[in-house]
Amino acid sequence: MKRFAPSLVFVLLLAGCAAGQETDLTLSFSETGNTRAPELLEAAERVATRRLESLGGPARGARALQEGSGAVLRLTVRDPALRETLVRELTSPFSFRLMMQAPREQATLWNDQFGGFAETGITEKDIAWADAGMQDETGFVVISLTEEGLPKLKQVFRENMDKQIGVFVRDRLMSRKLVTEDDAENSVIQIDGIPSPTIASIFADDVVVGTHVTFRPLPVEEQP
């Protein structure tokens, strides 16, 4: 379970210019996320802006505004239907799973191209952070694990030599690799060969925001 500190609650304000409609969401940071709150707030701003743009909406520069001990993230959304879709996407659950390739009878998830995958027990609850980088004009993402997740990762690598491992985000296969002896004492999950550093940064933002930020709509009676 994610643990959230009640003292670190932020407000995401999605302002609709048409008819003056507004929608408020609270942003709650996980215990791990609390230690990097400024970075998470910026990442949440980028994620919300990209989501709006991907839905075909004009994002007029999302702005994070500090207000006392909290903050407001303001986006302009003209279309009420578009605003509803954006809120639904931001509040939908995030999932991350490290899985091992497995025969159909043992698989808990199936990919049409690469076959079946089984759980390793490593999920979004084990993620500490994700950082993006560039190498040879391609991007990569390094996912570091919590103190509880690190021993599990090493055990998974040691017990699955010469098997394929897959990274699934929201049940979609994002990357796969063959586990080798070099991975036996690996302390991170590294995803290489991402087409560009920009895509790597987008992926890293999605992982850290999905893992450490929870968006919740305010009850109607609490709306301004």
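If you're wondering where the values come from, they're calculated on a predicted model, not measured in any experiment.

About the criteria used
- Residues numbered from 1 in each chain as written.
- Predicted model: local features only at pLDDT ≥ 70, side-chain atom pairs only at ≥ 80, totals over all residues.
- Heavy atoms only, no water.
- Helix = DSSP H or I, 4+ residues; strand = E, 2+ residues; numbered from the N terminus.
- Buried < 20%, exposed > 50% of the residue type's maximum accessible area, 1.4 Å probe, protein only.
- Lys, Arg positive; Asp, Glu negative; His and termini not counted.
- Salt bridge = Lys/Arg side-chain N within 4 Å of Asp/Glu carboxyl O.
- Contact = heavy atoms within 4.5 Å.
- Pairing = 2+ DSSP bridges.
- Axes fitted to C-alpha atoms, helices over the stretch in contact; angles between N-to-C directions.

Chemist: Looking at this structure, how should I read the side chain of Arg51?
Modeler: Examined against the element boundaries, Arg51 turns out to sit in helix 2 (residues 37–54). The side chain of Arg51 is buried and forms no salt bridge, while Glu89, the nearest opposite charge, is found at 4.0 Å. Those residues in contact with Arg51 that sit more than four places away from it in its chain are Leu86, Glu89, Leu90 and Arg170.

Chemist: Please clarify how the environment of Glu185 should be interpreted in this entry.
Modeler: Residue placement: Glu185 occurs in the loop between strand 11 (172–178) and strand 12 (188–194). Taking the C-alpha atoms as reference points, Glu185 and Leu150, 35 residues apart in sequence, are found 9.9 Å from one another. Excluding anything up to four places from it in sequence, Glu185 contacts Lys154 and Arg158.

Chemist: I tried to follow the environment of Gly133 on my own but got confused; where do I start?
Modeler: With respect to the secondary-structure elements, Gly133 resides in strand 8 (residues 127–135). Spatially, the C-alpha atoms of Gly133 and Asp192 are 9.6 Å apart, while their sequence positions differ by 59 residues. Sequence-distant contacts of Gly133, that is, excluding residues within four places in its chain, are made with Thr138, Gly139, Phe140 and Ala200.

Chemist: It is not clear to me how the sheet that holds strand 5 (residues 96–102) should be interpreted in this structure. Could you clarify?
Modeler: Hydrogen bonds along the backbone pair up the strands of a sheet, which may run parallel or antiparallel. Across the sheet, five strands lie side by side as 6-7-5-10-11; this open sheet has antiparallel pairing. Single-partner strands in this sheet number two, and they are strand 6 (109–111) and strand 11. Strand-to-strand, the axes of this sheet are offset by a mean angle of 35°, without reference to chain direction. One ladder, built from six bridges, connects strand 10 (residues 164–169) with strand 11; its direction is antiparallel. Across the sheet, the residue bridging to Gln164 is Leu178, located in strand 11.

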